[in-house]
Amino acid sequence: MKLNSIFSFLLPKESTFFPLFQQSGELLAEAGKAFVDFTNTTNHEERRIIYKTIKHAETKCDEITTQLFNALNDTFITPFDREDIRELADALDDVIDYINSSAKRIVLYQPETLPEQAAQLARIIRNGCEEIRLAMVDFSKLRYKSDSVMVRCSTMKMLEREADDVYEHFVIDLFRSEKDPVELFKLTQITKELERATNSVDNVGKMLKTIIIKYA
Amino acid sequence: MKLNSIFSFLLPKESTFFPLFQQSGELLAEAGKAFVDFTNTTNHEERRIIYKTIKHAETKCDEITTQLFNALNDTFITPFDREDIRELADALDDVIDYINSSAKRIVLYQPETLPEQAAQLARIIRNGCEEIRLAMVDFSKLRYKSDSVMVRCSTMKMLEREADDVYEHFVIDLFRSEKDPVELFKLTQITKELERATNSVDNVGKMLKTIIIKYA
Amino acid sequence: MKLNSIFSFLLPKESTFFPLFQQSGELLAEAGKAFVDFTNTTNHEERRIIYKTIKHAETKCDEITTQLFNALNDTFITPFDREDIRELADALDDVIDYINSSAKRIVLYQPETLPEQAAQLARIIRNGCEEIRLAMVDFSKLRYKSDSVMVRCSTMKMLEREADDVYEHFVIDLFRSEKDPVELFKLTQITKELERATNSVDNVGKMLKTIIIKYA
């Protein structure tokens, strides 16, 4: 047995983490794009169909998270602390969960109109997901790409602030203009979920930053 | 000092974990049953009385969780990773917390009528809690019973899907039929908490699966 | 190199944890006080100004939490388990987050009147934050002060029970007296966030208790 193969025995799955994180990133970007289409249509039937795409991406991301956790258990040496890998995987999973639950609320509540600000928040979420996707590509080459990942983390933070601004005006407007209590109720519940989705993007950024400070 | 007693010194509390998990399982099953009774009565005073049973089980489960965490600190060798024991204990505690908070919302909000679907969700939750109770019995003999626990985990997943279906129709119906905004608001808030309770059952199943894949 | 300096090399940052926890405690107390002023005024413009103080304390506490996490990564020997330090820091951060989000909801929703019970809950939260501040001062001398910290944890628990009582009557009253569905909706959403804030104070107490049982 050559030294080489001993190493490849000891480190067989270390390299599984990065491709899995990358796949998660791709699913997030996919869900983000579908979510923009979802908020751009006013046709309820079309929304149900696009929702299925989002749900499908969410289910696949769930499977990848499970694979990540299993790989964590099988792997003796991990590229980062187990806890960090686990938290990053959770943070990525949260993003797609919130996109899914935001879309689901819209499908279930069927608000009479979906205000433009909802579509605005969807675009911010999509942009955040695209940043995450690109960060996950660089992540596997963290030694050379940590600066690039750091810039993406800052973008995620900026997007979250932008979303916060949109959200605040959205809520104030709603209470001012929407006189039907049922519609008001529906829309505030939908909006809150959208805000959680935007926060979850920033959480990925924070988690990545923590990892970079620790290892890069 | 015989080798035997050295071992029993080194491993004094390992065996405390399983009985504590089993007790948690029993409290969950108890709370689940009480919750079905709770949703079956329309009498507000009766509900307050049954709620006390649920609250009592929740408090006792809290104490057991604390005991589990303390045992974790005192025990040198644990049957599973500390993190897994902690997460399983948390997952069990969540179930009874959500049953408690669902019942509490109904007591506080006093909706005019509690739709049949709420009772349906309560039954699903009770069935899930019974599966958890049985899984906790098998859990102490995991080496021989892992297949049986795995089947219970699948049942928990199935129950969660069933609940999802009930929940979705419930919400759509509510917005269609309930015209009083205050009642609508009460019922959607109650329903959401019920849905969280059904999810928490599935989380126990997921956590158990992770542990089985890791050790069994 | 003297033995002394070797030790100070090995333990360079152990002592950074306590001052950081103390600073968090001070920011919480500050936010708690501002929050009482916030609920005492009925002037919306004044509220916006006080809200900025709360937001500022929350941002600073966030920075301290980040410093705590970074110190955790840089420090070879920690005074407690890493996981405990992390959880305590998270628990402290949660308190100020919930104070902030409660205040933010009031600013955004602009309820016509803020019931006296909201101010009552704010006072309970402030008292809890003051207990936390004092507990954090004693925390650095845990060996000598564990009894004192334990008493403070009991006070936090008592405050949580008091808050629970206020909260329950608050909600029942609301549904009984508030006939405007929009106002009702606003106030229940605000109340729920206040309740979460009171729970988060008790969580700090629970976390501290766990640490004391483990080490003191």
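For clarity, every value in this text was computed on a predicted model and none was experimentally measured. The residue numbers shown here count from 1 along each chain, following its written sequence. As a convention, the first chain written is A and the first ligand written is 1, with the rest following in written order. With pLDDT at 70 or above as the cut-off, local features in this predicted model cover only qualifying residues; side-chain atom pairs require 80 or more to be listed or tallied, and sums for whole chains, interfaces and linings still use all residues. Water and hydrogen atoms were dropped before computing side-chain values, which therefore reflect all heavy atoms in the structure.

### A word on the interface of chain B and chain C
Here's step 1: Two residues qualify as a contact provided that any one of their heavy atoms is within 4.5 Å of a heavy atom in the partner residue. In this assembly, 14 residues from chain B lie in contact with 20 residues from chain C.
Here's step 2: Between chain B and chain C, a total of about 1500 Å² is buried, with carbon and sulfur atoms accounting for 59% of that surface.
Here's step 3: Should a side-chain nitrogen of Lys or Arg be within 4 Å of a carboxyl oxygen of Asp or Glu, the pair is scored as a salt bridge. Salt-bridge contacts for E87(C) lead to R86(B); the nearest nitrogen and oxygen are separated by 3.3 Å.
Here's step 4: Here a polar contact is recorded for every N or O atom pair within 3.5 Å, except that within protein the pair must consist of a potential hydrogen donor and a potential acceptor, and residues adjacent in sequence are included only if both atoms are side-chain atoms. Counting every contact that joins chain B to chain C gives 3 residue pairs in polar contact (both at pLDDT 80 or more).
Here's step 5: Numbering of helices and strands runs from the N terminus; a helix is a DSSP stretch of H or I covering at least four residues, while a strand is a stretch of E covering at least two. Elements represented by at least two residues in the side of chain B that touches chain C include exactly α3 (44–74), α4 (82–109) and α7 (181–215) of chain B.
Here's step 6: Of the residues contributing to the side of chain B that touches chain C, the split by class is 5 nonpolar, 4 polar and 5 charged. For any pair of parts, buried area is found by adding up, for both, the accessible area (1.4 Å probe) each one loses once the two are put together. Polar here means any residue outside two lists: the nonpolar Ala, Val, Leu, Ile, Met, Phe, Trp, Tyr, Cys and Pro, and the charged Asp, Glu, Lys and Arg; Gly therefore counts as polar.

### Focus: the relation of the copies chain B and chain C
Here's step 1: To superpose the copies, least squares is applied to the C-alpha atoms of every residue with a pLDDT of at least 70 in both. Here chain B sits on chain C after a turn of 120 degrees about the axis and a move of 0.0 Å along it, with an RMSD of 0.0 Å. A rotation of that kind, with that shift, is consistent with a three-fold axis. The position closest to the rotation axis in chain B is occupied by the C-alpha of P181(B), lying 3.7 Å away.

### With respect to the packing of aromatic side chains
Here's step 1: Aromatic rings from Phe, Tyr and Trp, taking only the six-membered ring of Trp, are treated as a pair when their centres fall within 6.5 Å; an angle between ring planes under 30 degrees marks them as stacked, one over 60 as edge-to-face, and anything in between as tilted. Counted according to the given criterion, the structure contains 25 aromatic pairs over all chains.
Here's step 2: Consider the rings of Y109(C) and F185(C), whose centres lie 6.5 Å apart with planes at 20 degrees: the pair is stacked. Residue Y109(C) is found in helix α4 (residues 82–109), and its partner F185(C) is found in helix α7 (residues 181–215); the two are separated by 76 residues along the sequence. Here Y109(C) matches F185(C) in class, with each residue buried.
Here's step 3: Clustering of aromatic rings is evident, with ring pairs tying together Y109(A), F175(A), F185(A), Y109(B), F175(B), F185(B), Y109(C), F175(C) and F185(C).
Here's step 4: In this structure, R47(A) is placed above the aromatic ring of F38(A), and the distance from its NZ or CZ to the ring centre is 5.8 Å.
Here's step 5: The side chain of R86(A) reaches across the aromatic face of F69(A), ending 5.4 Å from its centre. Burial classes: relative accessible area under 20% of the type maximum marks a residue as buried, over 50% as exposed, and values in between as partly exposed (1.4 Å probe, protein chains only). In this scheme, the term charge over a ring applies when either NZ of a lysine or CZ of an arginine sits within 6 Å of the ring centre and within 35 degrees of the ring normal.

### Description of the pattern of salt bridges
Residues and elements named next belong to chain B.
Here's step 1: Across all of its chains, the model carries 39 salt bridges over all chains by this definition.
Here's step 2: Two residues, R196 and E193, come together in a salt bridge whose shortest N-O distance is 2.8 Å. In this pair, R196 and E193 are both assigned in helix α7, 3 residues apart and thus about one turn of the helix distant.

### What about the interface of chain A and chain B?
Here's step 1: Each partner contributes to the interface: chain A provides 14 residues, whereas chain B provides 20 residues.
Here's step 2: Roughly 1500 Å² of surface becomes buried between chain A and chain B when both sides are summed, with 59% attributable to carbon and sulfur atoms.
Here's step 3: In this structure, the connection of chain A to chain B is made through 3 salt bridges.
Here's step 4: Ionic pairing is found between E168(B) and K104(A), a salt bridge with its closest N-O pair at 3.4 Å.
Here's step 5: At the level of elements, α3 (44–74), α4 (82–109) and α7 (181–215) of chain A are the ones that each hand at least two residues to the side of chain A that touches chain B.
Here's step 6: Looking at side-chain class alone, the side of chain A that touches chain B contains 5 nonpolar, 4 polar and 5 charged residues.

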